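# Chain and residue survey
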Amino acid sequence: MIAVVVVSSPGWPEVKRAFFDPDRFTGSFPDLARAFLLNVRIFLIAEAIILVTALVVAVMRSLPGPVFFPLRALGVAYADFFRGVPTILVIYLFGFGVPALGIAGIPRSPLVWAVVALVLVYTAYVSEVYRAGIESVHPSQEAAARSLGLTRFQALRHVVLPQAVRRVVPPLLNDFIGLQKDTALVALIGPVEAFRQSQIKVAATFNFTPYLATALLFILLTIPLARLTDWLVARDRRRQLAGRSP
Amino acid sequence: MSELLRIEGLRKSFGREEVLRGIDLALAEHEVVCLIGASGSGKSTLLRCVNLLEPIDEGRIFLKGEELTARGVDVNRLRRRVGIVFQAFNLFPHMSVLRNVTLGPTKALGLPRKAAEERADELLARFGLADKRDEYPDRLSGGQQQRVAIVRALAMRPELLLLDEVTSALDPELVGEVLALIRELAQGGMTMLIATHEMSFARETADRVCFLDGGAILEEGPPDRIFSAPTEARTRRFLQRIVAAGRL
């Protein structure tokens, strides 16, 4: 129905020519795919770092007692700030701001600082996911571990976190899908990744087909992760059902 | 017989509610003491305090003369000497039976994996769980899970075992296998402090029975005397309710 409306619209021949030009599609695809490798590198590096940093922030926020109040407060402030500020602003601030400081010994590439910005923003999101997981593990589990003489850290490491992480894999992967898309924002401070490459091609030809090709690249990458998430959710549900039956 | 556990003037409040109002209790080595009393009388809290799972407000607890409640003691080291088994089993669901049992010995005692597994296999075999060693807890019946939980505590070779209403979450037909195991431990000389609603079990297994009421030990003595000739009116009323409910 929508397809019919679109195809029969007065502007369709024009749009078709501007967005769905098969020659330009195949012509621009190799360059875009090459540029897309930068997106892949960015999110692979960012994801590996985020998995660790987010866990550290989440554990900081879960520490009990008045002794750890400063750490908890720090964790809360961090998560509030980086979830509150638009990602694009954080990338601008770090990508342009930090190299401009001219401090000796730190990288001056905007790309590096853009990745740092993505890591900081997504660490805030993913730490909330981890934290929900940690809180979903019943306190009696920690009590059982501590009663065996395990230290607080050992109980966390061997009993609480393995259960917490297992429960949050689906929402965590969901955040990573968001991160993969947001690697396109890095283009706004200079590095030529797929989106930037498509802009260059569009500017040269006044044809929008490269945008479509780039969209396709992102989708091709997201679908496997989305299906993996679905599969993990389904598997967990099956397991829970199996566990409940006698 | 030498003294293993001594509790002096133990007090504990949750917010405004005082759950333990000055408990004095001593256990000799190889002694089995059952704590009876209505729900909310403080039995579970008392056990959790002895295992230092709850910070206490007042009083002192000694294990073989060493004060557990002193400032600056290493609670992890002391907890290794006292085992506790919970009403809801609290097995680690992400670990096999074997890993559940070896976690404490390997991580807290620093035993090599092989030695810990030998110790676990020996205990599992002794309590009829050898064929379950590689199963996960959710594949076991409640009675099997609770037996594994007891084995997990025993693998630490504790000097004292605390049992917190370990049969209360079980289907009636599964209670027997767990009680049989505890009886066997009692015969083997394990010192135990047991909170229980199983009055006939307490009567035949305990060396001494303490009746808790409102966070204090109202009456204590040999089981025969407590069950057949209680001196306190409240003990009598409690036992009458138990009899009326068909549990004795």
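Throughout what follows, the structure given in this document is the object of discussion. Worth saying up front: this structure is predicted, and the values here are computed from it rather than measured.

### Comments concerning the overall build of chain A
Secondary structure assignment for chain A yields 10 helices and 0 strands. For chain A, the N- to C-terminal ordering of α and β elements is α-α-α-α-α-α-α-α-α-α. Its C-alpha atoms give chain A principal-axis dimensions of about 70 × 60 × 30 Å. Residues counted as buried form 33% of the 246 residues belonging to chain A. Intrachain contacts of chain A at a sequence separation of at least 6 include 72% that bridge at least 24 residues.

### A closer look at helix α7 (residues 139-147) of chain A
Turning to α7 of chain A, its buried residues are Ala-144, Ala-145, Arg-146 and Ser-147 of chain A. Here the buried face of α7 of chain A lies against α8 (152-182) of chain A together with α2 (75-79) and β6 (82-85) of chain B.

### So, helix α6 (residues 110-136) of chain A
Residue and element names in this part refer to chain A. Along its 27 residues, α6 runs 39 Å from first to last C-alpha, staying within 8% of the 39 Å computed at 1.5 Å per residue. Taken as a whole, α6 carries its principal kink of about 25° at Thr-123. Taken across its 27 residues, α6 has 20 buried, putting it largely inside the fold.

### Concerning the interface of chain A and chain B
Counting from both sides, the interface comprises 17 residues of chain A and, opposite them, 18 residues of chain B. Listing elements by their share of the side of chain A that touches chain B, those giving two or more residues are α7 and α8 of chain A. Looking at the side of chain A that touches chain B residue by residue, the class counts come to 6 nonpolar, 9 polar and 2 charged.

### Digging into the sheet that holds strand β8 (residues 192-195) of chain B
Residues and elements named next belong to chain B. Read across the sheet, 6 strands follow the order β6-β7-β8-β3-β9-β10 without closing on themselves; strand pairing throughout is mixed. Of all strands in the sheet, those bounded by a partner on one side alone are β6 and β10 (216-221). Each adjacent strand pair in this sheet contributes to an overall mean axis angle of 20°, direction not counted. In this structure, strand β9 (residues 208-213) lies alongside β10, joined through 5 bridges in antiparallel fashion. Opposite Cys-210, over in β10, you have Glu-220 as the bridge partner. Contacts between helix α5 (residues 142-154) and the sheet are confined to β6 and β7 (160-164), with β6 contributing the most and set at about 170° to the helix.

### Let's talk about the sheet that holds strand β1 (residues 3-14) of chain B
Residue and element names in this part refer to chain B. Spatially, 4 strands are ordered β2-β1-β4-β5 in an open sheet, and the strand pairing comes out antiparallel. Sheet topology places β2 (17-28) and β5 (66-67) at the edges, where each strand pairs with a single neighbour. Where β1 lies against β2, 9 bridges are found, and the strand directions are antiparallel. From the neighbouring strand, Arg-11 faces β2, where its bridge partner is Arg-21. Strands β1, β2 and β4 (58-63) of the sheet are contacted by helix α1 (residues 43-50), whose axis makes an angle of about 65° with β2.

Criteria and cut-off values
- Residues numbered from 1 in each chain as written.
- Chains lettered and ligands numbered in written order.
- Predicted model: local features only at pLDDT ≥ 70, side-chain atom pairs only at ≥ 80, totals over all residues.
- Helix = DSSP H or I, 4+ residues; strand = E, 2+ residues; numbered from the N terminus.
- Buried ≥ 20, exposed ≤ 12 C-beta atoms within 10 Å, placed from the backbone.
- Contact = placed C-beta atoms within 7 Å.
- Expected span 1.5 Å × (residues − 1).
- Bend = angle between axes of the 7 residues up to and from the residue.
- Nonpolar A, V, L, I, M, F, W, Y, C, P; charged D, E, K, R; others polar.
- Pairing = 2+ DSSP bridges.
- Axes fitted to C-alpha atoms, helices over the stretch in contact; angles between N-to-C directions.

Keep in mind that these numbers describe shape and distance, not what the molecule does.
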